[in-house]
Amino acid sequence: MAKAKKKAVKKAVKKTAKKPKLDAKAGTLTVDVDLKTYGLEAALGAAYLVTDLNFVSLGGDRKKTLSVTLEPKSGKATAAALNKLAAQFQAELDTAKVRWEISRNNLPVREHVAKLAAVAKPEAQAPARPNETKLTDEQQSEIDRLIAEVESEIAEMNQTKAVPDPKGIRDSWEKKNLK
Amino acid sequence: MSRLSTLPRDIEPKLSQLGALNFRDMGGWFLISNDWGHWLMLEPADFKRVMSGAVKEGEPLYTELAQRGFLRERTDFDALVKTEARRTQFRRFTGPSLHMIVVTLRCNLACHYCHSSVVDPTRTDTDMDLETAKRTVDFIFDTPNETICIEFQGGEPLLNWPVVKFVTEYAQAKAKGTGRRLIVTLVSNFNLMDEEKLDWLIDHHVSICTSLDGPAVVHEANRPRLGGGASHAAVIKWLRYIQKRVQEQPERGYYLPGALMTTTRASLAHGPEIVDVYDSLGMDQVFLRPLSPIGYAKRVWHDIGYSPAEFLKFYEDTLDYIVDLNTSGKSTIMERFSTVLLTKIVKGEDPGFMDLRSPAGAVLGCIAYNYDGNIFVSDEGRMVAHQGDPVFKVGHVRDPWESVASHPTTRALALASTMDSQPQCMHCAHKPFCGFDPVFHYEMQDSMTGRLPSSPWCEIRMGLLDIMFKKLRDPKTRAVFDAWLTRDECRWAESDAHEPGTPIQETAA
């Protein structure tokens, strides 16, 4: 009985699913996605996922049917390749539908946990920042001494001559290539 | 077809029972995970039962699912909140802890993959001056994080040695005066190191890290000296010497030096040799890092670059070699990227790795200060500016911290790198363990939000996480990973008994 029911469901889905349009001449495949069945997020999500190997353009009506046209980046696809692509994209659509349904079902749980976690007491309580950031007189005079020492060291360091570079290796890329 | 898995055709999903989860076909088994970092490995038959709502109360699988938050009717909110709070503690925005100060752009090397926009050693106009250095430290101490790590970068920081010393001493004085915890670290190519500088660094507890790309044949191919000449020998010499000093004087409590490698095309055929070099030096870990095509690396990518698939093969083969060394007892050397990922996967903690956070650590966790006082979201962001695009500049050390924190670029990066807003990441089973870098994607794909399906960043991280989960299924490898996790200490962990302002002393391994 359960098997018969499953078959009936599959048949019904097949009836409502529109056949993808193959344009072997242009090397493109167009799938009209019924948004009542799949939802806009799932349709857009599936289209996005295949942009690594395909140029994807969208058309149609956001409320009813999203028209997704795929053109393989690898070059003009044969009819057989486009048929295979159609089956692959259908699998992406069906999976995207499941993913989005799981997400929608559990959105309140995820948001609730995220909110509570954001305000939960940290495991290790860090001590409060002291307000006073001033140095003591002793520390300040030590810093002043250090600054004077470093200033004279910098002056001495800048006396050093350049390393010879007969092959122009240290010339920047910009100097060599930009006129 | 896409890099996210599709549901097997023979599954009729029944979703009313299911809590929030993402799934991934791992080839022969399935991984499910949720926002809170919980995960399960399922055989295909069990995965089918889970997705079709066929798992019944009383079954062991039901208990496993319930304990991990995968069943709506058994959601333990208290437990999930605790897990999430620990996992995402960095989101409380306590301010950046890592402050990268570029004290000079001058360098004595000409590394092919440099993304520091280096110039030749005569260009003292690219040295940070004293006034800017002081303002930089003042700005750093205005940021709110209780812990401050200052990391000297360049160019080669030793070329502006006076400012390195000044910043260290000034920061240590301020840390003492304000009760802040301070770590100071120096990244150097070691080719300008000498006894006097080393003595000073040891006396002032500045930890040192260098670059070591492996055996000389790889290192010299990647990192030649400016004007020609070898750079590898100096690195080996000073690594050995500093280790000797540390081991001979344990009472000084000084740090063992660290080293990082960068993977280029020259590295791909030398994985085991790279590991052997690190092991022979007694280093406790090697970090198999992929190269980002930013800066000079972008210009020569056709010479030194590789595809994500090539890197992943190199990584997995080399990791297998490292695991074999551990299981055979020949070495206990760890692989760093693994321990970072495993900290997230197995321990459910944040390892403090800025590139693997959601949102990313740019400004929120780390900041880069250029020699001229300009502030950037990261060192890569600074490189983009050097190429003429200042989009990642978020202020100057004259500005108040609040203006940097609330800068439009800071906000844009936080938004772009929040993985729940990325159409591919949000449904990826690796989401809780992964991260997104807006600067990388801006450079590679002309977009801060990127195009994840064609992103090499995504392909590599997805591949690395696939490798990690596959390795976790092997009991011998799992035992090695567990041993690494117990040894690994986060650099930012601190002991309780620590006097404010004094340098933190990590245990020499």
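Our subject is the structure that appears above.
All of the points below concern the structure found in this document. (Residues numbered from 1 in each chain as written. Chains lettered and ligands numbered in written order. Predicted model: local features only at pLDDT ≥ 70, side-chain atom pairs only at ≥ 80, totals over all residues. Heavy atoms only, no water.)

**Remarks on the overall build of chain A**
Our working definition: Only DSSP runs of H or I covering at least 4 residues are called helices, and only runs of E covering at least 2 are called strands; the numbering of each starts at the N terminus. Only heavy atoms matter for contacts: two residues are in contact if any of them lie within 4.5 Å across the pair. Computed by Shrake-Rupley with a 1.4 Å probe, the accessible areas treat only the displayed protein chains as cover when residues are assessed.
Secondary structure assignment for chain A yields six helices and four strands. Element order for chain A, N to C, with α for helix and β for strand: α-β-β-α-α-β-β-α-α-α. In chain A, the proportion of contacts linking residues at least 24 apart, taken out of those at least 6 apart, comes to 55%. Roughly 12400 Å² of accessible area belongs to chain A as shown, and the carbon and sulfur atoms make up 57% of that amount.

**Re the overall build of chain B**
Quick note on the threshold: Burial classes: relative accessible area under 20% of the type maximum marks a residue as buried, over 50% as exposed, and values in between as partly exposed (1.4 Å probe, protein chains only).
Within chain B, the secondary structure is distributed over 19 helices and 14 strands. Every one of the 509 residues in chain B was classed for burial, and the buried ones make up 62%. Here the contacts in chain B between residues at least 6 apart in sequence split such that 71% fall between residues at least 24 apart. Accessible area of chain B: about 18300 Å², with a carbon and sulfur share of 50%.

**Digging into helix α1 (residues 44-51) of chain B**
Our working definition: What the arc measures is the spread of directions leading from the helix axis to the C-beta atoms.
Along α1 of chain B, the residues that are buried comprise F47, V50 and M51 of chain B. Seen end-on, α1 of chain B carries its buried residues on one side only, within an arc spanning 90°. Structurally, α1 of chain B contributes buried residues whose contacts are with α4 (79-119) of chain A together with β1 (22-25), β2 (30-33), β3 (39-42) and α2 (60-67) of chain B. Looking one or two residues beyond α1 of chain B, the residue adopting positive phi is G53 of chain B, at roughly 70°.

**A closer look at the sheet that holds strand β3 (residues 54-61) of chain A**
Residues and elements named next belong to chain A. To keep it simple, the criterion reads: If DSSP finds at least two bridges between two strands, the strands pair. The axes are straight lines fitted to the C-alpha atoms, using for helices just the contacting stretch, and the angles between their N-to-C directions are given from 0 to 180°.
Read across the sheet, four strands follow the order β1-β2-β4-β3 without closing on themselves; strand pairing throughout is antiparallel. Both outer strands of the open sheet, β1 (21-23) and β3, are each paired with one neighbouring strand and no more. Each strand of the sheet is rotated relative to its neighbour by a mean of 20°, with strand direction disregarded. In this structure, strand β2 (residues 28-34) lies alongside strand β4 (residues 65-72), joined through six bridges in antiparallel fashion. By the bridge assignment, T30 is partnered in β4 with T69. Where α4 meets the sheet, it contacts β1, β2, β3 and β4, and its direction lies at approximately 25° from that of β2.

**Quick notes on the interface of chain A and chain B**
The criterion, for reference: In short, buried area is how much 1.4 Å probe accessible area vanishes from two parts on joining, totalled over both. Here a salt bridge means any side-chain nitrogen of Lys or Arg lying within 4 Å of a carboxyl oxygen belonging to Asp or Glu. For this analysis, a polar contact is any N or O atom pair within 3.5 Å, provided that within protein one partner can donate a hydrogen and the other can accept it, and provided that sequence-adjacent residues contribute only side-chain to side-chain pairs. As a working rule, the residues Ala, Val, Leu, Ile, Met, Phe, Trp, Tyr, Cys and Pro are called nonpolar, Asp, Glu, Lys and Arg charged, and the rest polar, with Gly in that last group.
Contact with chain A, which involves 58 residues of that partner, is made by 71 residues of chain B. Across the interface of chain A and chain B, roughly 5600 Å² is buried in total on both sides, 65% from carbon and sulfur atoms. Inspection of the chain A/chain B interface yields three salt bridges. The tally of links between chain A and chain B comes to 11 residue pairs in polar contact (both at pLDDT 80 or more). Of all the secondary-structure elements, those providing two or more residues to the side of chain A that touches chain B are α1 (2-16), α3 (40-49), α4, α5 (137-157) and α6 (173-177) of chain A. Per-element tally for the side of chain A that touches chain B: the top contributor is α4 of chain A, with 24 residues. Here the residues of the side of chain A that touches chain B sort into 31 nonpolar, 12 polar and 15 charged.

**What to know about the pairing of β2 of chain B**
Residues and elements named next belong to chain B. Burial of β2 is two-sided: the residues F30 and I32 facing one way and the residues L31 and S33 facing the other way are all buried. As paired strands, β1 and β2 are joined by four bridges and run antiparallel to one another. Bridging across to β2, F23 finds its partner in I32. Two successive antiparallel strands, β1 and β2, enclose a turn made up of four residues, where G27 displays a positive phi of approximately 80°. Adjacent in sequence and paired antiparallel, β2 and β3 are bridged by five residues, among which G37 carries a positive phi angle near 85°.

**Brief notes about the packing of helix α14 (residues 379-386) of chain B against helix α17 (residues 438-445) of chain B**
The relative placement of two packed helices comes down to the angle between their axes together with the axis-to-axis distance. Residue and element names in this part refer to chain B. Definition in use: Handedness of each helix crossing follows the sense of rotation of the near helix against the far helix: counterclockwise by less than a right angle gives left-handed, clockwise gives right-handed.
Remark: α14 packs on α17, axes separated minimally by 9 Å, with the N-to-C direction vectors making an angle of 35°. Between α14 and α17 the crossing geometry is left-handed. Packed against α14, whose contacting residues are E380, G381 and V384, the element α17 presents V439, Y442 and E443 at the interface. A per-class count over the contact of α14 with α17 returns three nonpolar, one polar and two charged.

**Regarding the sheet that holds strand β6 (residues 181-187) of chain B**
Residues and elements named next belong to chain B. The mixed open sheet is built from nine strands, whose spatial order is β10-β8-β7-β6-β5-β4-β12-β13-β14. Strands with a single pairing partner mark the edges of an open sheet, and in this sheet they are β10 (288-289) and β14 (393-396). As judged from the four bridges shared by strand β4 (residues 98-102) and strand β12 (residues 366-369), these two strands associate in the parallel manner. Of the residues in β12, the one forming a bridge with M100 is A368. Contacting β4, β5 (147-153), β12 and β13 (374-376), α14 crosses the sheet at an angle of about 120° to β13.

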